[in-house]
Amino acid sequence: MKTAVRGDVLSFRGNPFREAERDCLAFQRDALVVMENGRIAACGPAVELLPTLPADLAVAHYPDHLILPGFIDCHVHYPQTEMMAAYGEQLLDWLHHYTFVTEQGFADEAHARDVARVFLDEQLRNGVTTACVFGTVHAASVDALFEAAAGHNLRILAGKVCMDRHAPPALLDTPLTAYEQSRALIQRWHGKGRAEYVITPRFAPTSSHGQLEMLGALAAEFPDVAIQSHISENLDEIAWVKQLFPGCRDYASVYQRYGLLRPRAVYGHGIHLSDEELQAFHDSGASLAHCPTSNFFLGSGCLNLRRCVEGERAIPVGLGTDLGAGTSFSMLQTMNAAYMAAQSHGKPLSAAQAFYLATRGGAEALGIADKVGSIAVGMEADLAVLNLRSTPLLDFRMRYARDLSEALFVQMMLGDDRAVAATYVAGSPVYRRATA
Ligand code: GUN
Ligand code: ZN
């Protein structure tokens, strides 16, 4: 099937943390993106490409909009959709009082299917076309998500949470069942359509030495499979890890010891990582998911993003909503929080840097930048179309935006789900915002 969209197109060909913005930004006014068989077949000036299209091909025209690569959420827990905005706790109490209660509900497969559907619909309303997702300890929770994602033909990464201690008995697996169920899920889903499996130890405190060893063995068996977990989010968590793993120098060394730091290993948070730990990330090729709304919500702290992405030991970083500790499905609102976090470290995040993190940067962090995250010929055709005047306030404010940088910055500060006019997945429109 062939489809086409017309409008201003923005994508990244480089990393604006490392190169001048003008060299990284690919901005085309009044361009046409032609999509065929799930991929981008052509992208260029509308006046040049329109005459080459079949006369009966309907072109969706988006004047006053911006066509972007679909957003990429590098760290999110779909089962926590129903417990977003849970009051009053920091990480470890929040996990026990809210998260571990909610996640027990996913023993019920029908419930998992319901939540998976709501979660993906909400992502599409927000222009998110790829995410790296935690299920619960129940293997069927991951089946439910992959099945729902296949219904939209989404490129999705997901895994069964593995934990065999320090959680309610109903949520515990064992070293062996974690290995066996994860392995069976890899065989069932990895590479099926656009699905990718992710090996998912929740975090070091909820996995025994034996379980981390088994997951390290699984990772070694499948060297191309991604890994996701959490690291260095909260000071009490870090102290606990020290106690639980006295033989390890620091938190990163725990994962390193079990072979879980490597390319395509994506760790949420990393707020309090030391220079040595960042160096270990750099040396191993592991990446971080910056989850600023969650970090503010749980009072975990503020990641110093520039310390991670600039300089000699830079590491790949993407953006994560980290629902349900995160407070919004919107990547625009997540960029807003990333800006606030950067300000608290004394240097702002530019709009180009923020949009890079939410698109190509996220794809780099997940190791899928050859497939998604950019608008270019041959890439998978996942797009988010932003209406730059989505609210009365934005309609007014945009009259005073003098250039692209200002327009982008205004969107990330004032925009939300209402700014997403349409979402395309593999060339097909899967969401269109109703107009009033
Ligand atoms: N650390 C371990 N599990 C979780 C979780 O579900 N959410 C967050 N924010 N941190 C975690
Ligand atoms: Zn998380």
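Residues numbered from 1 in each chain as written. Chains lettered and ligands numbered in written order. Predicted model: local features only at pLDDT ≥ 70, side-chain atom pairs only at ≥ 80, totals over all residues. Heavy atoms only, no water.

Asks: Please set out the packing of helix α13 (residues 331–344) against helix α14 (residues 351–358) residue by residue, giving values where relevant.
Replies: Contact geometry for α13 and α14: axes closest at 10 Å, N-to-C directions at 130°. What the angle tells us is that α13 and α14 run oblique. In the crossing of α13 with α14, the sense of the turn from one axis to the other is right-handed. In contact with Met 331, Leu 332 and Met 335 of α13, α14 contributes Ala 354, Phe 355 and Ala 358. For the contact of α13 with α14, a count of residues per class yields 6 nonpolar, no polar and no charged. (Axes fitted to C-alpha atoms, helices over the stretch in contact; angles between N-to-C directions. Helix = DSSP H or I, 4+ residues; strand = E, 2+ residues; numbered from the N terminus. Parallel < 35°, antiparallel > 145°, perpendicular 65-115°, else oblique. Left-handed = near helix turned anticlockwise from the far one by under 90°. Contact = heavy atoms within 4.5 Å. Nonpolar A, V, L, I, M, F, W, Y, C, P; charged D, E, K, R; others polar.)

Asks: I'd like to hear about the sheet that holds strand β15 (residues 420–425), residue by residue, with values.
Replies: With respect to topology, 7 strands assemble into an open sheet ordered β3-β2-β1-β4-β14-β15-β16, the strand pairing being mixed. Edge positions in the open sheet fall to β3 (39–45) and β16 (428–432), since each of these has one partner strand only. Each strand of the sheet is rotated relative to its neighbour by a mean of 35°, with strand direction disregarded. In this structure, strand β14 (residues 383–387) lies alongside β15, joined through 4 bridges in antiparallel fashion. Looking at the pairing, Leu 386 lines up with Val 420 of β15. Across the face of the sheet, helix α4 (residues 109–125) comes into contact with β15 and β16 while running at roughly 115° to β15. (Pairing = 2+ DSSP bridges.)

Asks: Can you explain the packing of aromatic side chains? Please cite residues and give values.
Replies: Counted by the stated rule, this structure contains 11 aromatic pairs. On the numbers, 5.9 Å between centres and 55° between planes, the contact of Tyr 78 with Phe 119 is tilted. Of this pair, Tyr 78 sits in the loop between β5 (71–77) and α3 (91–104) while Phe 119 is found in helix α4, placing the two residues 41 residues apart along the sequence. Like Tyr 78, the residue Phe 119 is buried in the burial classification. On the numbers, 5.7 Å between centres and 75° between planes, the contact of Tyr 267 with Phe 281 is edge-to-face. Here Phe 281 lies in helix α10 (residues 275–284) and Tyr 267 lies in strand β11 (residues 265–269), a separation of 14 residues in the sequence. For the pair Tyr 267 and Phe 281, a shared accessibility class is recorded, and that class is buried. Among the aromatic residues, ring-to-ring pairing joins Tyr 78, Phe 106, Phe 119 and Phe 329 into one connected group. (Phe/Tyr/Trp six-rings, centres within 6.5 Å; stacked < 30°, edge-to-face > 60°. Buried < 20%, exposed > 50% of the residue type's maximum accessible area, 1.4 Å probe, protein only.)

Asks: So what's going on with the UniProt feature "domain: Amidohydrolase-related" (unreviewed entry) in the chain? Residues and values would help.
Replies: Mapped onto this structure's residue numbering, the UniProt feature "domain: Amidohydrolase-related" (unreviewed entry) falls at residues 67–427. Overall, residues 67–427 shows 43% helix and 16% strand. The separation of its end C-alpha atoms is 13 Å. (UniProt positions renumbered as here; feature names shortened; annotations may be inferred.)

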